[in-house]
Amino acid sequence: MTNDMTNDNDIIFQPLTFRNLTVSNRIFRSNISGRFDNYDGSGNQVRINWEQKFAQGGVGAIISSFTPVQIRGRILPNYATIDRDDRIPFWRKLGEVVHEYDCKFIMQLSHSGRQQDVSGVENLNLKALSSTSITESFHGFECQAMTKAEIQETVQAFAAGARRAREAGLDGVELHSANGYLITQFLSSGINDRNDEYGGSLENRARFLLEIIKAIRQEVGDDFHLQAKISAVEYNNAVIPWEKPGNTLEDSIQVCQWMEAAGVDAIHVSTGSIFPHPLNPPGEFPRIEAMRWYDLMLSSGIHTFRNYLLFRFPLLYPIFLFLWNRVQKQTQDQPIQGLEVKAQALNESFQRFVSSEQMQELLQKYQGVSLNHAAEIKKQVNIPVICTGGFQQASYIRRTIQENFCDAVSIARPLVANNDLVHQFKAGKDLPERPCTYCNKCLLNALENPLGCYELSRYNNSDEMIAEIMTVFDPAPFR
Ligand SMILES: Cc1cc2nc3c(=O)[nH]c(=O)nc-3n(C[C@H](O)[C@H](O)[C@H](O)COP(=O)(O)O)c2cc1C
Ligand code: SF4
């Protein structure tokens, strides 16, 4: 299947210009990382190998994985951090490698708040800091509401993170204000239960985020790229139906307008207020992987036994799946379609597991899950909008940009499956021969195993799959 236009006219390959940054095409690598770095938060060669794969594969920019601005805000050990000046040389080296491929590197400045998947030994006896002292409802992560002094300290930690990213020669920063992490915990009407000036009205709930933006601008000036990832709709009750639903699209549009006025250069649209969430990353919840690898995360919260039963006992799993899939049904009205998936476009052995008709259904279900919301936000702001969620078909991506749903798309799993997806699009492919099936096996493996694509149907055999996953360790730091 080939593209219906020449590359010269193809919007996918037109540069996107932000106030302080130009990216050479419309495909961003979305935030994704495995536990490739050192335990203490210093980076290493494996991370460089990982990011190099995508730069080499042709994406215009990489938006980094969750990068903690404080150790207390870490979600998992073995993620490189930006909490100290001595982290700068590693990030500088990483930026230099990525830049060799005309690819930009945007660092995601992050803080877990109460969503601390595996606290790590240095956080073990400390409750996570949050906007609230109420335990998170899905995993049961415990937390305590931040004092005003702790809020101010954290605002300054974000600003210092931005300064370090700039000193490292990176191309910009993204605030991780989506997916249920600390900033969402402040923004959310479903989570934030404060009585001070950081809680209550939307204006008060947005105060923490807007103070961070102000502090970053004071620290790095107006000429450094700053974008924010936001959950357009929270669906805070997606898994536990009796939770408060949280922020609406209208709330988020208002927050985006305030962010634009405060000096944010772009919005990255996501969804949900926990991670993982039924809509982010969209796709299946893989039972076998949950049985094998989810224990580590379950034992971080206090709902361990309940969730252990739900994941382990075949009779109870349908209850979990019913809860998990409920919200997906509300979002299946697709605004656009890509080209039809023809059998000859898919690899023969892959089709023994996933037929072209099944692949078509998967694309219809999961591609562009947040696109309608991105379009609504785009109508209400003047800065570019990047949308995440399920994109992997050139004809579909092209229409999203041509028809003004967003200005660029960000892709995570389909790029893990096909690191060279952008080159494939350029060569005329509409969909890779072995596409990502949205099985989410990578997501659950990532807790304990190296990140990579774990969908066996995409490989000839399991040896080939493991060999491909292990390429991230080559070159090793020492030979
Ligand atoms: C293993 C894994 C790790 C992720 N890590 C992050 C992260 O660190 N920060 C973030 O904002 N989103 C993270 N995401 C979400 C992705 O950036 C993306 O928004 C989501 O997977 C939907 O895009 P996709 O359908 O192209 O995968 C992660 C997703 C996966 C599967
Ligand atoms: S394991 Fe592979 S096919 Fe499955 S969601 Fe992850 S990248 Fe896609």
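Residues numbered from 1 in each chain as written. Chains lettered and ligands numbered in written order. Predicted model: local features only at pLDDT ≥ 70, side-chain atom pairs only at ≥ 80, totals over all residues. Heavy atoms only, no water.

**Student:** Explain the site of ligand 2 to me, and be specific about the residues and the numbers.
**Tutor:** Taken together, the neighbourhood of ligand 2 is formed by Arg 413, Ala 417, Cys 436, Thr 437, Tyr 438, Cys 439, Asn 440, Cys 442, Cys 453, Tyr 454, Glu 455 and Arg 458. Per-class residue counts for the shell around ligand 2 are seven nonpolar, two polar and three charged. (Near = heavy atom within 4 Å. Nonpolar A, V, L, I, M, F, W, Y, C, P; charged D, E, K, R; others polar.)

**Student:** Can you tell me about the site of ligand 1, naming the residues and giving the values?
**Tutor:** Among the 21 residues in the neighbourhood of ligand 1, the closest are listed as Ser 30, Asn 31, Gly 390, Ala 412 and Arg 413. The contact in question runs from an oxygen atom of ligand 1 to an N or O atom on the backbone of Asn 31, over 2.6 Å. Lys 229 has a polar side-chain atom sitting 2.8 Å from an oxygen atom of ligand 1. Coverage of ligand 1 by the protein chains reaches 98% of its 610 Å² of free accessible surface. Going through the elements one at a time, strand E4 (61-68) and helix H16 (413-417) are the ones with two or more residues in the shell around ligand 1. Here the shell around ligand 1 is built from residues that sort into nine nonpolar, 10 polar and two charged. (Polar contact = N/O pair within 3.5 Å; in protein donor to acceptor, adjacent residues only side chain to side chain. Areas by Shrake-Rupley, 256 points an atom, 1.4 Å probe, with all protein chains shown as cover. Helix = DSSP H or I, 4+ residues; strand = E, 2+ residues; numbered from the N terminus.)

**Student:** Hey, could you go over the nonpolar core for me, with residue numbers and the actual values?
**Tutor:** Counting 140 residues, the largest nonpolar core has Trp 91, Leu 109, Leu 175, Met 259, Ile 267, Met 359 and Ile 377 as its most contacted members. Once you skip the residues sitting within four places of it in the chain, Met 359 turns out to touch Val 341, Leu 346, Phe 350, Val 354, Gln 392, Leu 431, Pro 435, Cys 436 and Tyr 438. (Core = buried A, V, L, I, M, F, W, Y, C linked by side-chain atoms within 4.5 Å. Buried < 20%, exposed > 50% of the residue type's maximum accessible area, 1.4 Å probe, protein only. Contact = heavy atoms within 4.5 Å.)

**Student:** Residue-level account of the packing of helix H6 (residues 207-220) against helix H7 (residues 249-262), with values.
**Tutor:** For the pair H6 and H7, interaxial distance at closest approach is 10 Å and the crossing angle is 20°. Overall, the two elements H6 and H7 adopt an arrangement that is roughly parallel. The two elements H6 and H7 meet at a crossing, and its hand is right-handed. On H7, the residues that touch Leu 209, Leu 210, Ile 213 and Arg 217 of H6 are Val 255, Trp 258, Met 259 and Ala 262. Considering only residue class, the contact of H6 with H7 consists of seven nonpolar, no polar and one charged. (Axes fitted to C-alpha atoms, helices over the stretch in contact; angles between N-to-C directions. Parallel < 35°, antiparallel > 145°, perpendicular 65-115°, else oblique. Left-handed = near helix turned anticlockwise from the far one by under 90°.)

**Student:** Provide a residue-level description of the side chain of His 225, including the pertinent values.
**Tutor:** Tracing the chain through its elements places His 225 in strand E9 (residues 225-231). Relative accessible area serves as the criterion here: at 0%, His 225 is assigned to the buried category. Not counting residues within four places of it along the chain, the set of residues in contact with His 225 comprises Phe 18, Asn 20, Leu 21, Ile 106, Asp 171, Gly 172, Val 173, Asp 265 and Ala 266.

**Student:** Break down a nonpolar patch on the surface for me, with residues and values.
**Tutor:** Side chains of Tyr 39, Val 121 and Leu 124 sit close together on the surface and give an oily, nonpolar patch of about 310 Å² of accessible area. Tracing the chain through its elements places Leu 124 in the loop between strand E5 (104-110) and strand E6 (128-130). Given a relative accessible area of 53%, Leu 124 falls into the exposed group. (Patch = residues over 30% accessible without salt bridge, like charges linked within 9 Å, V, L, I, M, F, W, Y side chains within 5 Å. Salt bridge = Lys/Arg side-chain N within 4 Å of Asp/Glu carboxyl O.)

**Student:** Describe the sheet that holds strand E10 (residues 266-270), listing the residues and the values that go with them.
**Tutor:** Taken in spatial order, the eight strands close into a barrel running E3-E4-E5-E8-E9-E10-E11-E12, and their pairing is parallel. The mean angle between the axes of side-by-side strands here comes to 25°, regardless of whether they run parallel or antiparallel. Pairing of strand E3 (residues 27-29) with E4 involves two bridges; the strand directions are parallel. Paired with Phe 28 across the bridge in E4 is Ala 61. Relative to the sheet, helix H1 (residues 45-56) contacts E3, E4 and E5, its axis offset from that of E4 by approximately 150°. Where H7 meets the sheet, its contacts fall on E9 and E10, and the angle it forms with E9 comes to roughly 170°. (Pairing = 2+ DSSP bridges.)

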